[in-house]
Every structure is written in structure tokens, then in C-alpha cells.
Amino acid sequence: ALAAREARKANPGTSAFLDENPVTKRLLEIQKVINAKDYTKAGAELQQLLTQNPKEPRIHFNIGRLASIQAVAIDDPELQARKLAEAKTAYSNVIRNATPTTDKALLSLTFVALGRIYEFSDDNAYATKLYDEAIKLGNIRGGGFTEAMDAKARLIKPQ
């Protein structure tokens, strides 16, 4: 996601089309709230947007991303586990709501994000399968191919 964001910053001319889509425009606005670390407000705005667009994979992805960001900052293992479960559900909804026209980079990033959650939970076998799914999608611009390759190599490396 960070690499994709940097690519968009480096090529601002490509976002004119994206800004015309109301969901994309709203997600960009919510990203500013996330950048300001107002996670409660961002979460509420994402939920409101989801109510209006319940099958939109990009909204589910951003809900998962926000929950993951919040989980990293939590010291309480029980609260952290709940946030990670929220992220896992949201990322799973990306895959569940994907259509043939769903952005392959978004799917790739979703598989990598889910893989990280499973890896964090010490379910390395399933994490590897998720990384494999990202790898199968190929080296898509803005996707998680490189991260998936690195993660898989780390998991299969003898300890």
C-alpha cells in the first residue's frame, strides 16, 4: 500500500480519472484523516461509506488496513487480537466481493496483508498459501508481489 501511494505521488497526472469516481474520491479524503491519525473518525467514515457501497472491495481493504494500523499500536494482546480479527474479516471481504474487474493490485495487496496476519498468528502454512496467491497474480504495478516473494522466502528458510 505504501509503495502504491508513493507511485501515485510520483505520477500525480494519473489520478485525474480516479478523482472522478465518488468512492475513490471519498477514500482519498478518508486517507487524509488516517494520515492525521484520527482513526476513530476514519473508521466511522469508512463504515458510512461501506453502508452506501457494501460490496466495494476497496472500502473493505481500507477497513482492514485501518484495523491493522490500529492493531500495531495496541499493547493489550486481547485488544490487539480483536483488531487483527477485524482486519482479517475486512480483507476476507475484499476477496469475497471481488469480481473479474476488481483491481488485481488490490487483490495482491490483500493476499499479502492477510498473509501477514496469519504469519503473526504463527499459522505459517496458511500465510504461505496466501503469499502464493499474491505471487500467482504476478508482478502487477502497485501490487504486493515483491513483498509476497520476500515473505515466502523468509517462511521457507530453514531456521
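Located above this text is the structure these notes cover.
First, a word on what this report is: a plain description of the structure on this page. (Residues numbered from 1 in each chain as written. Predicted model: local features only at pLDDT ≥ 70, side-chain atom pairs only at ≥ 80, totals over all residues. Heavy atoms only, no water.)

1. Points about the nonpolar core
Heads up, the condition is: In these notes, a set of buried Ala, Val, Leu, Ile, Met, Phe, Trp, Tyr and Cys residues joined through side-chain atoms within 4.5 Å is what counts as a nonpolar core. The buried label goes to any residue with under 20% of its type's maximum accessible area, the exposed label to any with over 50%, and the partly exposed label to all in between, with areas taken from a 1.4 Å probe on protein chains only. Secondary structure elements are defined from DSSP: runs of H or I of at least 4 residues count as helices, runs of E of at least 2 residues count as strands, and each element is numbered from the N terminus. Should any heavy atoms of two residues lie within 4.5 Å, those residues are considered in contact.
Judged by nonpolar contacts, the single largest core of 23 residues is most densely connected at Phe 61, Tyr 91 and Tyr 131. At the level of secondary structure, the elements contributing two or more residues to this core comprise helix H5 (57-72), helix H6 (77-96), helix H7 (104-120), helix H8 (124-136) and helix H9 (145-156). Among residues more than four places away in sequence, those in contact with Tyr 131 are Val 112, Gly 115, Arg 116, Glu 119, Ala 148, Ala 151, Lys 152, Arg 154 and Leu 155. Val 23, Leu 46, Leu 49 and Ile 63 belong to the second-largest nonpolar core, a separate cluster that totals 13 residues.

2. Focus: the side chain of Thr 110
Among the secondary structure elements, Thr 110 is positioned in helix H7. Overall, Thr 110 belongs to the buried group, its relative accessible area being 0%. Here Thr 110 is in contact with Phe 61, Tyr 91, Val 94 and Ile 95, once residues within four sequence places are set aside.

3. Observations regarding the environment of Phe 145
Tracing the chain through its elements places Phe 145 in helix H9. When the C-alpha positions of Phe 145 and Val 112 are compared, they lie 8.3 Å apart, and in sequence the two are 33 residues distant. Setting aside residues no more than four positions away along its own chain, Phe 145 makes contact with Ser 108, Ala 134, Ile 135, Gly 138 and Asn 139.

4. Here's the deal with unusual backbone geometry
One non-glycine residue, Lys 37, lies in the positive phi region at around 65°. Counting through the fold element by element, Lys 37 comes out in the loop between helix H3 (22-35) and helix H4 (39-52). With relative accessibility at 60%, the residue Lys 37 sits in the exposed group. Of note in this structure, Asp 122 is not a glycine but carries a positive phi near 65°. As for its position among the elements, Asp 122 is in the loop between H7 and H8.

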